[in-house]
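Observations on the model geometry
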Amino acid sequence: GVIAAYGSMSCPEPKLPFYSMMFNSHILKTVYVYEISKLERRRAISDITNWLIAGRLSSKIDSKFNLFQTHRAHQLVETGKKFGSVLVEVSSP
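All of these numbers come straight from a predicted model, not from anything done at the bench. (Residues numbered from 1 in each chain as written. Predicted model: local features only at pLDDT ≥ 70, side-chain atom pairs only at ≥ 80, totals over all residues. Heavy atoms only, no water.)

1. Quick notes on the environment of histidine 71
With respect to the helices and strands, the residue histidine 71 is situated in helix α3 (residues 70-79). Taking the C-alpha atoms as reference, histidine 71 lies 10.0 Å from valine 88; in sequence the two are 17 residues apart. (Helix = DSSP H or I, 4+ residues; strand = E, 2+ residues; numbered from the N terminus.)

Structure below.
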């Protein structure tokens, strides 16, 4: 398997099960998403979309806020105590 990670401010120095990963030939690939090419970005978006549709990928959502609660969403992110994504719902009239 391949573990692809793009960042984790909540755990900047993660512990890894090195021997288990080594004996199972796992690959850890980190990506700095702000420097990938447009083609790589399109491929990644396509892959992620397909994995979500197929149910092979899920995302942990910590909290949802409406547009008028954006300040609360920012406050939660700044605490560093969230686990998952913080979403702000934007509705069109």
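2. Here's the deal with the pairing of strand β3 (residues 61-66)
In the case of a regular strand, side chains alternate between the two sheet surfaces. Bridge count for β3 against strand β4 (residues 85-89) is 5 bridges, and the pairing is parallel. Bridging across to β4, asparagine 66 finds its partner in glutamate 89. Crossover connection from β3 via α3 to parallel β4: handedness right-handed. (Pairing = 2+ DSSP bridges. Right-handed = clockwise from strand over helix to strand, strands pointing away.)

3. Structural notes on the packing of aromatic side chains
On inspection of all chains with the given rule, the structure shows 2 aromatic pairs. Their ring planes at 75° and their centres at 5.5 Å tell us that phenylalanine 18 and tyrosine 19 sit as a pair that is edge-to-face. Judged on exposure class, the residue phenylalanine 18 and its partner tyrosine 19 are both exposed. Centre to centre, the rings of tyrosine 19 and phenylalanine 23 are 6.1 Å apart; their planes meet at 25°, and the pair counts as stacked. (Phe/Tyr/Trp six-rings, centres within 6.5 Å; stacked < 30°, edge-to-face > 60°. Buried < 20%, exposed > 50% of the residue type's maximum accessible area, 1.4 Å probe, protein only.)

4. What to know about helix α2 (residues 38-53)
The end-to-end C-alpha separation of α2 is 23 Å, in line with the 22 Å expected for 16 residues at 1.5 Å each. Phi turns positive, to about 75°, at glycine 55, one or two residues after α2. (Expected span 1.5 Å × (residues − 1).)

5. With respect to a nonpolar patch on the surface
On the surface, Phe18, Tyr19, Met22 and Phe23 cluster together into a nonpolar patch covering about 520 Å² of accessible area. By the secondary structure assignment, methionine 22 is in helix α1 (residues 18-23). (Patch = residues over 30% accessible without salt bridge, like charges linked within 9 Å, V, L, I, M, F, W, Y side chains within 5 Å. Areas by Shrake-Rupley, 256 points an atom, 1.4 Å probe, with all protein chains shown as cover. Salt bridge = Lys/Arg side-chain N within 4 Å of Asp/Glu carboxyl O.)

6. Quick look at unusual backbone geometry
Even without a glycine there, the phi angle at serine 25 is positive, about 55°. Looking at the secondary structure, you find serine 25 in the loop between α1 and β2 (27-30). Exposure remark for serine 25: the relative accessible area of 56% places this residue in the exposed category.

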